[in-house]
There are 2 protein chains.
Amino acid sequence: MLKATFRALSDSTRREILSILREGPKTAGEIAAHFPTTFATISHHLAVLRDCGLISDEKQGKYILYELNTSVLEEIAVWLSSFKKDSKKDETL
Amino acid sequence: MLKATFRALSDSTRREILSILREGPKTAGEIAAHFPTTFATISHHLAVLRDCGLISDEKQGKYILYELNTSVLEEIAVWLSSFKKDSKKDETL
DNA sequence: ACATCAATTCGATAATTGTCTAAATAATAA
DNA sequence: TTATTATTTAGACAATTATCGAATTGATGT
């Protein structure tokens with residue numbers, strides 16, 4: 001869903017989370033340690049990112065590992081490409 | 001600003017407005033005619049798109065012509081490209 | 001069983017947003 | 001001038017959101 005994805009990406013904390021996850025999977029705690037906000041707030045952001053498929057989570061014992069999922073970013077790229085000068089493709093809302 | 005741009009793109013009406021403007025510049029009225037909402041609402045959406053640079057407006061007598069500005073979409077594309085598999089840093093290719 | 005740690009969920013609050021109607025601005029026409 | 005047309009702006013409302021502290025779940029270790 002483009003709506004939810006763009007909405008998710010509009011928050012700088014969430015974009016930074018995605019940036020952190022480019023290095024590889026990380027636990028919620030490792031991610032939260034990068035920010036001055038509370039764990040509860042980061043947990044909320046992770047849920048937003050997960051709900052639109054930008055990240056996936058996997059339980060590993062005591063921890064939850066979050067991993068970047070680039071396929072949703074690919075969808076955004078496809079949408080963007082329809083605005084390229086010579087692209088008279090149909091509208092993908 | 002990525003924040004404002006993603007925020008603007010998270011609304012389907014605004015994405016549709018951009019899609020309409022791919023055909024070329026249109027007046028606010030022509031744009032509004034595509035939607036069931038009021039002119040005031042579309043005017044608000046146009047202001048949001050203008051404020052983040054996704055469209056530009058030009059007064060033509062009685063009318064205001066709105067035009068798509070793809071350079072901001074390019075910025076999004078650049079941001080996305082930093083998430084490509086082999087792009088560990090921000091390379092603008 | 002109990003305590004501890006990792007993470008989420010709950011409840012509340014302040015800020016933002018999309019939409020409306022109604023009023024205002026600005027340009028043209030009669 | 002007055003009227004009409006195009007568009008924005010103002011004011012209000014309900015819905016959504018980001019954030020917090022506190023309570024809760026779930027896994028591990030003593």
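Preceding this section is the structure that the text describes.
Small disclaimer: the values here were computed from a predicted structure and weren't measured.

Colleague: Explanation requested: the sheet that holds strand 3 (residues 63-68) of chain B in the structure shown.
Modeller: In a beta sheet, neighbouring strands pair by backbone hydrogen bonds and run either parallel or antiparallel. Residue and element names in this part refer to chain B. The three strands are arranged 1-3-2 in an open sheet whose pairing can be described as antiparallel. The open sheet is flanked by strand 1 (26-27) and strand 2 (55-60), the only strands paired with a single partner. Looking at chain direction, strand 2 and strand 3 are connected through six bridges and run antiparallel. Note that in strand 3 the partner of S56 across the bridge is E67. Seen against the sheet, helix 2 (residues 12-21) touches strand 1, strand 2 and strand 3 and runs at an angle of roughly 90 degrees to strand 3.

Colleague: Hey, could you run me through a positive patch on the surface in this one?
Modeller: A cluster of basic residues, A:K3, A:R7, B:K3 and B:R7, forms a positive patch at the surface. Within the secondary structure layout, B:R7 lies in helix 1 (residues 2-9).

Colleague: What is the right way to look at the protein's contact with DNA strand C in this model?
Modeller: Residues in contact with DNA strand C amount to 21 residues; listed here are only the nearest, A:G29, A:S43, A:Y66, B:T41 and B:H45. If you look at DNA strand C and keep only atoms within 4 Å of the protein, 81% of those are sugar or phosphate atoms. The contact in question runs from a phosphate oxygen of DNA strand C to an N or O atom on the backbone of A:A28, over 3.2 Å. Within the backbone of A:G29, an N or O atom sits 2.6 Å from a phosphate oxygen of DNA strand C. Those elements giving two or more residues to the surface near DNA strand C turn out to be helix 3 (28-32), helix 4 (39-51) and strand 3 (63-68) of chain A together with helix 4 (39-51) of chain B. Considering every element that reaches the surface near DNA strand C, the biggest residue donor is helix 4 of chain B, with four residues. Across the surface near DNA strand C, the residue classes break down as seven nonpolar, nine polar and five charged.

Cut-offs used in this document
- Residues numbered from 1 in each chain as written.
- Chains lettered and ligands numbered in written order.
- Predicted model: local features only at pLDDT ≥ 70, side-chain atom pairs only at ≥ 80, totals over all residues.
- Heavy atoms only, no water.
- Pairing = 2+ DSSP bridges.
- Helix = DSSP H or I, 4+ residues; strand = E, 2+ residues; numbered from the N terminus.
- Contact = heavy atoms within 4.5 Å.
- Axes fitted to C-alpha atoms, helices over the stretch in contact; angles between N-to-C directions.
- Patch = residues over 30% accessible without salt bridge, like charges linked within 9 Å, V, L, I, M, F, W, Y side chains within 5 Å.
- Areas by Shrake-Rupley, 256 points an atom, 1.4 Å probe, with all protein chains shown as cover.
- Salt bridge = Lys/Arg side-chain N within 4 Å of Asp/Glu carboxyl O.
- Lys, Arg positive; Asp, Glu negative; His and termini not counted.
- Charge placed at Lys NZ, Arg CZ, Asp CG, Glu CD.
- Near = heavy atom within 4 Å.
- Polar contact = N/O pair within 3.5 Å; in protein donor to acceptor, adjacent residues only side chain to side chain.
- Nonpolar A, V, L, I, M, F, W, Y, C, P; charged D, E, K, R; others polar.

The quantities given are spatial measurements derived from coordinates; they are silent on function.
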